[in-house]
Amino acid sequence: MEKFIRPAAIDGQITAPPSKSDMLRAVAAAYLTHAECEILRPSDCDDALAALNIVKTLGADVERTSERIRFAPGNRQPGSVLDCGESGLCIRMFPSIAALSGAATTLTGRGSLLKRPIAMIEQPLRDLNVACETTNGLPPVSIRGQLHAGITTIDASTTSQFLTGLLMALPLCDGDSEIIVTNLASKPYIEMTLQLLRAFGITIEHDALTRFRIPGRQRYRATSYQVEGDWSGAAFPLVAGAIAGRASVANLRQDSCQADKAILNALRAAGALVQIAEDVVTVSKGDLTAFEFDATDCPDIFPPLVALATYCQGKTVIHGAQRLQVKESDRGLALLQEFTKMGGRVTLHEKRIEIYGNPLDGGMVDSHNDHRIAMACAVAALGSNRGVRIQQAECVAKSYPDFFQDFGMLTSNQPQFAP
Ligand SMILES: O=C(O)C1=C[C@@H](OP(=O)(O)O)[C@@H](O)[C@H](O)C1
Ligand SMILES: C=C(OP(=O)(O)O)C(=O)O
């Protein structure tokens with residue numbers, strides 16, 4: 001699918017979609033509860049559908065309406081293959097969870113997922129009694145043997161997602177466990193996991209996210225869990241407000257521990273006007289100037305930050321670019337290539353991206369089948385001269401299926417953008 005985004009001013013309010021990260025954790029927790037529970041305001045993004053299919057295969061009965069999903073214990077479906085689609089979180093979180101049953105299982109996926117590293121799960125799972133084989137460090141991955149309580153060390157410099165899976169599974173083992181974690185990246189995602197576990201009655205102690213003590217023999221408490229609005233998806237319309245007029249996004253919790261709430265700090269640093277009234281955030285255009293920002297712990301907002309920086313006068317520096325190579329695309333390179341096509345000035349360094357504020361002409365770009373690249377290009381297009389045609393735009397469904405409808409609501413009836 002191709003999408004053409006014309007230059008336009010924006011003014012309007014939309015509602016943030018449900019958080020993909022919160023939803024996937026909630027689906028895993030609902031499965032692990034082994035009792036009736038429900039998820040309210042569920043996401044229907046592609047990664048959420050992959051997670052739901054996985055727990056159905058593992059034995060959950062799932063009944064869905066648009067407002068809620070009910071879970072009840074069911075029977076494990078025949079077959080031992082879990083299809084993770086393109087979800088990094090699914091393929092790194094579910095091996096520990098699937099290993100609770102002891103049944104031999106293969107986890108696989110599609111597209112970009114088959115090129116994303118998974119070797120980091122092998123040794124820790126072996127330490128915990130699970131034989132684990134990846135395909136030269138990539139998916140598919142096969143596991144055999146039941147997860148046992150124990151002690152292990154993980155290097156979490158590539159991803160925090162495997163740690164999330166261990167933290168969810170180990171409380172159900174027969175004894176106490178300890179995980180020593182080195183080089184943890186994306187730290188707030190682990191805070192998010194711990195917050196969700198607390199909501200399901202699970203207790204874990206830790207020393208500043210470096211050593212986790214996990215009491216065994218715990219039980220998930222049946223609960224009715226409401227998925228938070230998504231700060232990661234909301235970052236795009238909020239940046240659009242800063243570039244092209246005004247955008248309000250509702251359903252954003254101010255007490256959220258989502259990593260990408262940090263978009264507010266960047267918007268303020270750039271000089272955008274940010275107003276908050278309960279769960280509604282409004283961002284309006286200001287005199288935008290270059291800023292410096294460390295996105296090591298919130299890698300998913302690199303794409304909207306690059307769109308923002310393009311409209312800031314001077315040189316913006318965003319640190320943490322080493323985290324971008326193993327996402328849905330090689331995101332640093334994809335941002336460099338696609339923003340250059342639109343007339344932007346971006347340079348990519350080993351650990352940072354530099355962006356020089358520069359009017360965009362527009363043109364044709366490719367999403368690299370990466371939802372966040374497609375959404376960043378759509379936002380950047382608002383201030384361009386000619387508009388931007390985005391190829392493979394359907395990939396937004398990975399996290400934000402209604403993105404283009406919401407975007408249309410912000411731009412409808414608005415005049416042509418006048419930079
Ligand atoms: O736990 C999560 O929900 C996520 C963690 C982050 O991944 P890494 O820990 O691999 O950085 C993030 O990029 C991803 O989109 C979602
Ligand atoms: C990297 C992402 O997700 P995941 O790693 O779960 O595929 C993302 O949503 O940007």
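What you are looking at is a predicted structure, and each value in this text was computed from that prediction instead of being measured. (Residues numbered from 1 in each chain as written. Chains lettered and ligands numbered in written order. Predicted model: local features only at pLDDT ≥ 70, side-chain atom pairs only at ≥ 80, totals over all residues. Heavy atoms only, no water.)

## As for the pattern of salt bridges
- Here the structure, examined in full by the defined rule, presents 22 salt bridges.
- When the shortest N-O distance is used, the salt bridge between Asp47 and Lys20 registers 3.5 Å. In this pair, Asp47 sits in helix α2 (residues 46-58) while Lys20 sits in helix α1 (residues 20-33), placing the two residues 27 residues apart along the sequence.
- Overall, the relative accessible area of 2% leaves Asp47 in the buried class.
- Assessed through its relative accessible area of 13%, Lys20 is described here as buried.
- One salt bridge in this structure joins Asp300 and Arg372, with 3.6 Å as the shortest N-O distance. With Asp300 in the loop between β18 (292-294) and α9 (302-310) and Arg372 in helix α11 (residues 371-381), the pair connects residues that are 72 residues apart, well separated along the chain. (Salt bridge = Lys/Arg side-chain N within 4 Å of Asp/Glu carboxyl O. Helix = DSSP H or I, 4+ residues; strand = E, 2+ residues; numbered from the N terminus. Buried < 20%, exposed > 50% of the residue type's maximum accessible area, 1.4 Å probe, protein only.)

## Quick look at empty space enclosed by the protein
- Throughout the structure, instances matching the rule amount to three cavities of 30 Å³ or more.
- In terms of lining residues, the largest cavity is bounded by 23 residues, among which Lys20, Gln161, Tyr189, Asp300 and Lys327 are the most central.
- For the lining of the largest cavity, the secondary structure elements donating two or more residues are α1, α3 (88-98) and α5 (161-169).
- Of the residues assigned to the lining of the largest cavity, the class counts are four nonpolar, eight polar and eleven charged.
- The two domains that each donate at least three residues to the lining of the largest cavity are domain 1 (3-15 + 230-411) and domain 2 (23-214). (1 Å grid on protein atoms, 1.4 Å probe; cavity = no way out; pocket = protein on both sides within 12 Å on 5 of 7 lines; lining within 4 Å. Points joined across faces, edges and corners; volume = space filled by probe spheres on them. Nonpolar A, V, L, I, M, F, W, Y, C, P; charged D, E, K, R; others polar. Domains from an automatic or database assignment.)

## Description of the pairing of strand β5 (residues 68-73)
- Pairing analysis gives four bridges linking strand β3 (residues 37-40) to β5, with the strands arranged antiparallel. Along β5, the bridge assignment pairs Ile39 with Ile69.
- As paired elements, strand β4 (residues 60-64) and β5 share five bridges and run antiparallel to each other. Bridge pairing links Glu63 to Arg70 in β5.
- The antiparallel hairpin formed by β4 and β5 contains three residues in its connecting segment. (Pairing = 2+ DSSP bridges.)

## Looking at the site of ligand 1
- Within the structure, ligand 1 sits among 14 residues, and Ser21, Thr159, Ser160, Ser186 and Asp300 are positioned closest to it.
- Contact distances for ligand 1 include 2.6 Å between an oxygen atom and a side-chain N or O atom of Ser160.
- At 2.6 Å from an oxygen atom of ligand 1 is found a side-chain nitrogen or oxygen belonging to Ser186.
- When the free accessible area of ligand 1 is taken as 390 Å², the share hidden by the protein chains comes to 96%.
- Judged by the proximity of its atoms to the pocket grid, ligand 1 belongs to the largest cavity. (Near = heavy atom within 4 Å. Polar contact = N/O pair within 3.5 Å; in protein donor to acceptor, adjacent residues only side chain to side chain. Areas by Shrake-Rupley, 256 points an atom, 1.4 Å probe, with all protein chains shown as cover. Sits in = over half its atoms within 2 Å of the grid points.)

## Let's talk about the domain arrangement of the chain
- We note that the domain assignment places domain 1 (3-15 + 230-411) and domain 2 (23-214) within the chain.
- Distance from the C-alpha centre of domain 1 to the C-alpha centre of domain 2: 29 Å.
- Counting from both sides, the interface comprises 21 residues of domain 1 and, opposite them, 21 residues of domain 2.
- Taken together, both faces of the contact between domain 1 and domain 2 bury some 1600 Å²; the carbon and sulfur share is 47%.
- Taken as a group, Cys257, Asp297 and Lys398 account for 35% of the area that domain 1 buries against domain 2, more than any other trio of residues on that side.
- Connecting domain 1 to domain 2 are two salt bridges.
- Residue Glu328 pairs with Arg116 through a salt bridge whose shortest N-O separation is 4.0 Å.
- Here domain 1 and domain 2 share eleven residue pairs in polar contact (both at pLDDT 80 or more) between them.
- In the side of domain 1 that touches domain 2, the residues fall into seven nonpolar, six polar and eight charged. (Contact = heavy atoms within 4.5 Å. Buried area = accessible area lost by both parts, 1.4 Å probe.)

## Focus: the packing of α1 against helix α6 (residues 187-199)
- With their axes 10 Å apart at the nearest point, α1 and α6 run at an angle of 40 degrees to one another. It follows from the interaxial angle that α1 and α6 lie oblique. Crossing of α1 against α6: the hand is right-handed. Here Ser21, Asp22, Arg25, Ala26 and Ala29 of α1 lie close against α6, whose contacting residues are Tyr189, Met192, Thr193 and Leu196. (Axes fitted to C-alpha atoms, helices over the stretch in contact; angles between N-to-C directions. Parallel < 35°, antiparallel > 145°, perpendicular 65-115°, else oblique. Left-handed = near helix turned anticlockwise from the far one by under 90°.)

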